[in-house]
Amino acid sequence: MKTITLIPARMASTRLPDKPLAMIGNAPMIVHVARRAREAGMERIVVAADSKEIVEAVTAEGFEAVLTNPDHPSGSDRIYEALQIVDPDGHYDCVVNLQGDLPTLDPVLIKAVIKPLEDDHCDISTLGVVIIDDEEKTNPNVVKIVGAPLRSAGVVRDAAILRALYFTRASAPYGNGPLYHHIGIYAYRRDALQRFVTVPPSTLEEREKLEQLRGLEEGMEIHAAIVDTVPLGVDTPADLEKARALLT
């Protein structure tokens with residue numbers, strides 16, 4: 001598959017204003033995310049920005065960026081507009097949606113999110129990790145994947161990839177066994193992304209405030225590769241200081 005990595009970035013953030021341009025060492029945070037994608041060996045990397053300031057900061061560091069509508073309701077809508085701008089002829093058939101607030105991301109995770117798309121039944125792929133901390137099991141800010149290992153003719157064929165049955169902020173599933181923390185990095189088949197952004201928000205999506213439920217309600221298959229690390233998402237000034245300590 002020909003893969004393009006799109007990184008949505010917007011200036012509005014209630015807890016950390018102008019977050020994409022927050023300096024970490026010698027570069028803005030959004031540039032560090034683009035560097036992680038480059039370290040992963042991604043073929044083409046484009047920042048989908050909502051402001052000229054982000055575009056200028058990214059292009060000054062030698063990366064590609066495009067200006068998109070500042071009023072998009074989600075990162076998925078933003079990357080879809082960017083895809084139409086930079087690849088109108090459909091050269092790329094796999095689209096990685098990489099969050100712009102993951103400056104310390106292990107590049108291995110970007111490669112890992114593409115692997116589930118090797119299965120022709122998979123429309124959207126994402127990542128998960130086993131929850132170790134008991135507090136996270138009941139924390140509604142930690143989204144859980146409810147899923148089952150991939151099977152063929154009733155036989156497990158890949159225990160490291162789950163077919164997602166549901167995503168929830170509750171502690172689920174019930175009973176003995178692992179709980180999985182969802183990591184919000186995605187890879188879409190191009191036609192799946194187009195389908196996803198052209199249907200309205202779904203009932204369960206609006207109830208749980210989890211966009212990925214729209215795909216499940218629409219009948220798409222979402223597969224999650226299980227990895228062993230959760231990237232640091234920078235949402236607050238305290239998170240920013242942690243990222244600075246790790247990268248400088």
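Residues numbered from 1 in each chain as written. Predicted model: local features only at pLDDT ≥ 70, side-chain atom pairs only at ≥ 80, totals over all residues. Heavy atoms only, no water.

Some details on the nonpolar core
- Val47, Leu98 and Leu127 are the most contacted members of the largest nonpolar core, which totals 38 residues.
- Sequence-distant contacts of Leu98, defined by excluding residues within four places in its chain, comprise Thr5, Leu6, Ile7, Pro8, Val33, Ala37, Leu105, Ile110 and Ile185.
- Formed by 31 residues, the second largest nonpolar core is a distinct cluster that contains Ala48, Val143, Phe167 and Met220. (Core = buried A, V, L, I, M, F, W, Y, C linked by side-chain atoms within 4.5 Å. Buried < 20%, exposed > 50% of the residue type's maximum accessible area, 1.4 Å probe, protein only. Contact = heavy atoms within 4.5 Å.)

Overview of unusual backbone geometry
- In this chain, Ala172 is followed by Pro173 through a cis amide linkage whose omega measures 0 degrees.
- Looking at the secondary structure, you find Pro173 in the loop between β9 (155-168) and β10 (180-189).
- Within the chain, Asp18 stands out as a residue other than glycine whose phi angle is a positive 55 degrees.
- Positioned with a positive phi, Lys209 is a non-glycine residue whose angle comes to about 60 degrees.
- Relative to the elements of secondary structure, Lys209 occurs in the loop between α7 (203-208) and α8 (212-217). (Helix = DSSP H or I, 4+ residues; strand = E, 2+ residues; numbered from the N terminus.)

A short note on helix α2 (residues 52-60)
- Where α2 is concerned, the buried positions are Ile54, Val55, Ala57 and Val58. Each buried residue of α2 sits inside an arc of 165 degrees when the element is viewed along its axis, so together they form one side. Opposite its buried face, α2 presents the exposed residues Lys52, Glu56 and Ala60, each directed more than 90 degrees away.
- Where α2 terminates, the next one or two residues include Gly62, which has phi positive at roughly 90 degrees. (Arc of directions from axis to C-beta.)

Some points on the pairing of strand β5 (residues 64-67)
- With four bridges joining them, strand β4 (residues 44-49) and β5 adopt parallel strand pairing. Considered in β5, the bridge of Ala49 is made with Leu67.
- Between β4 and its parallel partner β5, the chain crosses via α2, and the hand of that crossover is right-handed. (Pairing = 2+ DSSP bridges. Right-handed = clockwise from strand over helix to strand, strands pointing away.)

A closer look at the environment of Leu16
- Summarising the element assignment, Leu16 is placed in the loop between β1 (3-9) and β2 (23-24).
- In this structure the C-alpha to C-alpha distance between Leu16 and Asp239, which are 223 residues apart in sequence, comes to 9.7 Å.
- For Leu16, the residues in contact, after removing those within four places along its chain, are Val234, Asp235, Thr236, Pro237 and Leu240.

Points about helix α9 (residues 237-247)
- Along α9, the residues that are buried comprise Asp239, Leu240 and Ala243. Buried residues of α9 fall within an arc of 100 degrees about the axis and therefore sit on the same side.
- Buried residues along α9 sit against β2.

Re the side chain of Asp50
- Here Asp50 shows up in the loop between β4 and α2.
- The buried charged residue Asp50 lacks any salt bridge, with Arg78 as its nearest oppositely charged partner at 4.8 Å.
- Separated by 3.2 Å, the side chain of Asp50 and the backbone nitrogen of Met11 make a polar contact.
- Apart from residues no more than four positions distant in its own chain, Asp50 is found in contact with Ala9, Arg10, Met11, Ala12, Leu67, Thr68, Pro70 and Arg78. (Lys, Arg positive; Asp, Glu negative; His and termini not counted. Salt bridge = Lys/Arg side-chain N within 4 Å of Asp/Glu carboxyl O. Polar contact = N/O pair within 3.5 Å; in protein donor to acceptor, adjacent residues only side chain to side chain.)

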